[in-house]
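Architecture at a glance
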Amino acid sequence: MDAELAVLAGTAGTTVVTLLTTEVWQRVSDGIASLWRRAEPDRAEAISAELEVTRTDLLAAQAGGDEESGRELGAEWQGRIRRLLVTHPEEAAALRRLMDELQPPTPEVPSVTQHATASGYARVYQAGRDQHIDQP
């Protein structure tokens, strides 16, 4: 397996587990199950059931303040997804699309350009936000 697919599997496993406790959990579950449905149709239902169990475990862990369970479950899903990509590398493009769809939109960040010229004893102070200068 090349390094790019390993990174994709790692990112996907972490993302899946992170999003299973959010409002998009059903979309995550459906997307992951669809990967298995195409690649290994006989396992798709079992994967859907495992995602449900993972969600239940995560919610219980969060309620109990157990952060380690989330990391462990993330590692489990990283491994499952990695193994799927090893045997079915053609699913990498579909997994990338799913991960892109699940990323929250990022707001446009305005561009700020500042120019200043000073000469002699002049001082120039520039800031992108608040600036407080305590000099006489």
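Placed above this text is the structure.
Just so you know, the residues in each chain are numbered from 1, in the order the chain's sequence is written. Only residues with pLDDT of at least 70 are given local features in this predicted model, and only at 80 or more are side-chain atom pairs given and counted; all residues enter the totals for whole chains, interfaces and linings. In computing side-chain values, all of the structure's heavy atoms are included and hydrogens and water are not.

**Description of the packing of aromatic side chains**
Each pair of aromatic rings taken from Phe, Tyr and Trp, with Trp reduced to its six-membered ring, is defined by centres within 6.5 Å and is described as stacked if the planes are under 30 degrees apart, edge-to-face if over 60, and tilted in the remaining cases. In this structure the tally under the stated criterion is one aromatic pair. Note on W36 and W77: the rings are 6.5 Å apart at their centroids and 85° apart in plane angle, and the pair reads as edge-to-face. Here W77 lies in helix α4 (residues 67-87) and W36 lies in helix α2 (residues 25-39), a separation of 41 residues in the sequence. Above the face of the W25 ring, R55 is positioned so that its terminal group lies 4.1 Å from the ring centre. When the NZ atom of lysine or the CZ atom of arginine is within 6 Å of a ring's centre and also within 35 degrees of its normal, the charge is said to sit over that ring. The residue whose ring lies beneath R80 is W77, and the NZ or CZ to ring-centre distance is 4.3 Å. Only DSSP runs of H or I reaching four residues or more are called helices, and only runs of E reaching two or more are called strands; each is numbered from the N terminus.

**A word on the side chain of H88**
Tracing the sequence through the fold places H88 in the loop between α4 and α5 (92-102). N or O atoms closer than or at 3.5 Å make up a polar contact, with two conditions inside protein: a donor-capable atom paired with an acceptor-capable one, and, for residues adjacent in sequence, both atoms drawn from side chains. At 3.3 Å, the side chain of H88 forms a polar contact with the side chain of E40.

**Concerning α2**
Helical geometry note: an α-helix holds 3.6 residues per turn, so side chains three or four residues apart project in the same direction. Helix length check: α2, at 15 residues, gives a terminal C-alpha distance of 22 Å against a target of 21 Å (1.5 Å per residue), a fit within 8%. Three exposure classes are used, based on accessible area relative to the maximum for each residue type with a 1.4 Å probe and protein chains only: buried under 20%, partly exposed in between, and exposed over 50%. Listing the buried residues of α2 in full gives V28, S29, G31, I32, A33, L35, W36 and A39. Two residues form a contact once any of their heavy atoms are found within 4.5 Å. Packing partners of the buried residues in α2 comprise α1 (3-19), α3 (44-63), α4 and α5. Residue count minus one, scaled by 1.5 Å, sets the expected span of a helix.

**Overview of the side chain of T15**
Positionally, T15 belongs in helix α1. By relative accessible area, T15 is classed as buried at 13%. A polar side-chain atom of T15 sits 2.8 Å from the main-chain carbonyl oxygen of T11.

**Observations concerning the packing of α1 against α5**
Here the axes come from fitting lines to C-alpha atoms, over the contacting stretch only for helices, and the angles between their N-to-C directions go from 0 to 180 degrees. As a packed pair, α1 and α5 sit with axes 11 Å apart at the nearest point and diverge in direction by 40°. Here α1 lies oblique to α5, going by the angle between them. When you trace α1 past α5, the crossing you get is left-handed. Residues E4, L5, L8, A12, T15, V16 and L19 of α1 form the contact with α5, whose own contacting residues are A92, L95, R96, M99 and L102. The residue classification treats Ala, Val, Leu, Ile, Met, Phe, Trp, Tyr, Cys and Pro as nonpolar and Asp, Glu, Lys and Arg as charged. All others, Gly included, are polar. In the contact of α1 with α5, the residues fall into nine nonpolar, one polar and two charged. Should an angle fall under 35 degrees it is called roughly parallel, over 145 degrees roughly antiparallel, and 65 to 115 degrees roughly perpendicular, with every other angle called oblique. Less than a right angle of anticlockwise turn of the near helix away from the far helix marks a crossing as left-handed, whereas a clockwise turn marks it as right-handed.

**Remarks on a negative patch on the surface**
Together, D57, D66, E67, E72 and E76 give the surface a local cluster of negative charge. It is α4 that contributes the most residues to the negative patch, three residues altogether. Locating D66 in the fold gives a position in the loop between α3 and α4. What makes D66 partly exposed here is its relative accessible area of 34%. Two joining distances apply to patches: 9 Å for like charges and 5 Å for nonpolar side chains (Val, Leu, Ile, Met, Phe, Trp, Tyr), and every residue must have over 30% relative accessible area and no salt bridge. Note that accessible areas follow from Shrake-Rupley with a 1.4 Å probe, and for residues the cover is restricted to the protein chains shown. Any carboxyl oxygen of Asp or Glu within 4 Å of a side-chain nitrogen of Lys or Arg constitutes a salt bridge here. In this charge count, Lys and Arg are treated as positive and Asp and Glu as negative; neither His nor the chain ends contribute. To locate a charge, take atom NZ for lysine, CZ for arginine, CG for aspartate or CD for glutamate.

Remember, this is a structural readout, not a statement about activity or role.
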